[in-house]
Structure formats: C-alpha cells, structure tokens
Amino acid sequence: MAATAVRYLRSVGAATVAGPAVPVEPLPRPDLRAVGADERPPVEAGEFRRVLGHFASGVTIVTARGPDDPDGPAGFACQSFASLSLDPPLVTFMVARTSTTWPRIARAGAFCVNILGADQGALCRGFAVSGADKFAGVAYRAAPATGSPLLDSVPAWVDCRIHAVHTGGDHLIVVGRVEALGTATESAGPLLFHQGKFGGFRS
C-alpha cells in the first residue's frame with residue numbers, strides 16, 4: 001500500500017521525502033460572543049450608583065505606613081471591605097485605580113482595616129478628603145503584626161499583609177492575609193453608609 005502511494009506521488013511530480021517546512025497562514029481568531037451595543041443599553045453611572053446605594057455597608061479606614069515613606073502614614077475611607085476566607089483568614093477591599101493613597105499602601109506591603117463605630121462619621125469624612133493631612137489630630141498606635149496605624153477608639157481592627165491584587169474594572173481588588181485582629185471592650189454600634197448618608201444601626 002505504501003509503495004503504491006509513493007509511485008502515485010512520483011507520477012504527479014509530488015515530493016516523496018520531507019522538505020523544508022512551508023509557512024502556513026494561521027486562521028483568523030474567532031470573534032468572542034458578547035452582548036452587542038444594540039442588544040442591551042449600557043448601565044448609566046448615575047443609575048448604577050442610585051440603585052446600588054440601597055445596599056447599606058459598614059465603613060472602614062484602611063491605613064498603612066511604609067518604613068521608607070517620607071510622607072508618614074497613609075490612609076483612606078473605604079466602604080468596600082468584606083471578609084473573604086476563613087482558612088486561610090483573608091479579607092478584601094476595593095480601591096479606585098486612580099487613588100493616590102493606594103501606591104503608598106502597596107509599597108508598604110501591609111495595611112490595617114480600622115472598622116468605624118456609629119459616632120465616628122467625622123473621622124471618616126476626614127479620611128475621605130484627598131490631599132489633606134488626614135492624620136492631623138488623630139491618635140493612633142502601631143498595629144501588632146505590621147506596624148500599620150491602628151486608630152484609637154475604633155470598635156474593631158484587622159491587621160493584614162497584602163496577599164494578592166486583582167484588576168476589577170476601574171478598581172483594584174486587594175486581598176489581605178490576616179495577621180492579627182481585635183475589638184474594643186465597648187462599642188456604640190457600627191457606622192453605616194446608605195444612600196449617600198451616614199447612619200447607625202437600630203435593633
């Protein structure tokens with residue numbers, strides 16, 4: 001059978017031994033199926049905020065201090081904080097990719113999540129302002145594992161090292177591995193954010 005095939009190839013002038021590889025043009029990449037602009041209108045940013053504003057969240061201040069940071073401690077007010085994993089103990093927060101504070105936290109490699117109480121709305125507003133000296137008049141001490149600023153009088157805190165960072169649209173998803181955590185002896189309840197306003201929890 002093989003000999004017959006070789007005789008046929010020779011009769012039509014085809015090569016019967018391997019020659020130099022002939023380049024082959026790759027097939028075009030397939031178009032990935034996606035929802036077209038004419039199939040579903042995009043979500044308007046204002047409507048997105050209005051609807052998602054119905055979801056009440058707790059409020060935190062994420063802080064860090066790099067040993068070589070000439071500007072001292074860094075921090076920002078953060079609503080998008082959540083527990084992520086029990087084993088290993090992981091938490092997560094989201095930060096805008098345009099944040100000027102995040103690069104300083106990233107360089108520090110660690111952070112402390114300060115969970116705010118119901119009477120700490122003013123403290124939160126101070127850390128929500130860009131470009132100001134956010135730590136002016138704010139008492140804090142070093143968190144036990146990372147040395148990040150642990151703000152005085154917060155009901156609870158979580159001391160972490162950066163475990164992973166993922167891209168999520170116009171934000172970064174930061175995952176922290178918990179190294180230490182604790183609570184205060186007394187708390188007036190959590191500070192909540194709902195539809196653009198601070199409030200407390202009513203049982």
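Since the structure is predicted, the reported quantities are computational estimates derived from the model, not experimental observations. Think of each chain on its own: its residues are numbered from 1, step by step along the sequence as written. The model is predicted, so local features are restricted to residues of pLDDT at least 70 and side-chain atom pairs to those at 80 or more, both for listing and for counting; the totals for chains, interfaces and linings are taken over all residues. Note that the side-chain values use all heavy atoms of the structure and ignore hydrogens as well as water.

Section: the overall build of the protein chain
- Along the protein chain, the regular secondary structure elements total four helices and twelve strands.
- By the burial criterion, 31% of the 203 residues in the protein chain qualify as buried.
- Any two residues having at least one pair of non-hydrogen atoms within 4.5 Å are treated as being in contact. Considering only residue pairs separated by 6 or more positions, the protein chain has 63% of its internal contacts joining residues 24 or more positions apart.
- For every accessible area listed, the method is Shrake-Rupley and the probe measures 1.4 Å; residues are considered covered only by the protein chains on display. Accessible area for the protein chain stands at about 13,600 Å²; split by element, carbon and sulfur atoms hold 58% of it. Helix and strand definitions follow DSSP, with helices as H or I runs of at least four residues and strands as E runs of at least two, each counted in order from the N terminus. Think of it in three bands: with a 1.4 Å probe and only protein chains considered, a residue is buried below 20% of the maximum accessible area for its type, exposed above 50%, and partly exposed in between.

Topic: unusual backbone geometry
- Omega for the peptide link from aspartate 87 to proline 88 comes to 5°, which places this bond in the cis form.
- Within the fold, proline 88 resides in the loop between strand S4 (81-85) and strand S5 (90-96).
- In this structure, serine 153 is a non-glycine residue whose phi angle is positive, near 70°.
- In this structure, serine 153 sits in the loop between strand S8 (149-151) and strand S9 (156-168).

Thoughts on a nonpolar patch on the surface
- On the surface, a nonpolar cluster with roughly 390 Å² of combined accessible area is contributed by Val43, Phe48, Val51 and Leu52.
- Secondary-structure assignment places valine 51 in helix H2 (residues 45-52).
- We classify valine 51 as partly exposed; its relative accessible area is 42%. Residues enter patches when their relative accessible area tops 30% and they take part in no salt bridge; the joining distance is 9 Å for like charges and 5 Å for the nonpolar side chains Val, Leu, Ile, Met, Phe, Trp and Tyr. One side-chain nitrogen of Lys or Arg within 4 Å of one carboxyl oxygen of Asp or Glu is enough to make a salt bridge.

Quick notes on the pattern of salt bridges
- Taken as a whole and assessed by the stated rule, the structure comprises three salt bridges.
- For arginine 104, the salt bridge goes to aspartate 69, with nearest N and O atoms at 2.8 Å. Linking arginine 104 in helix H3 (residues 102-108) with aspartate 69 in the loop between strand S2 (60-64) and strand S3 (74-78), this pair joins segments that are 35 residues apart in sequence. Just as arginine 104 is buried, aspartate 69 falls in that class too.

Some details on the sheet that holds S5
- At least two DSSP bridges between two strands are needed for those strands to be called paired. A sheet is described by the order of its strands in space; here seven strands give the open sequence S3-S2-S6-S9-S10-S5-S4, paired in antiparallel fashion. Among the strands making up the open sheet, the edge pair consists of S3 and S4. Along the sheet, successive strands turn relative to each other by an average axial angle of 35°, direction set aside.
- Of the strand pairs in this sheet, S2 and strand S6 (residues 110-115) are connected by four bridges, and their pairing is antiparallel. Across the sheet, the residue bridging to isoleucine 61 is asparagine 114, located in S6. Helix axes are fitted only over the stretch in contact, all axes being lines through C-alpha atoms; the angle between N-to-C directions runs from 0 to 180 degrees.

Thoughts on the sheet that holds strand S1 (residues 57-58)
- Pairing within the open sheet is antiparallel, and its three strands lie in the order S1-S11-S12. Because the sheet does not close on itself, it has two edges, and the strands there are S1 and strand S12 (197-199).
- Direction of pairing for S1 relative to strand S11 (residues 192-194): antiparallel, over a ladder of two bridges. Note on S11: the bridge partner recorded for serine 57 is phenylalanine 193.

These figures capture arrangement, not role.
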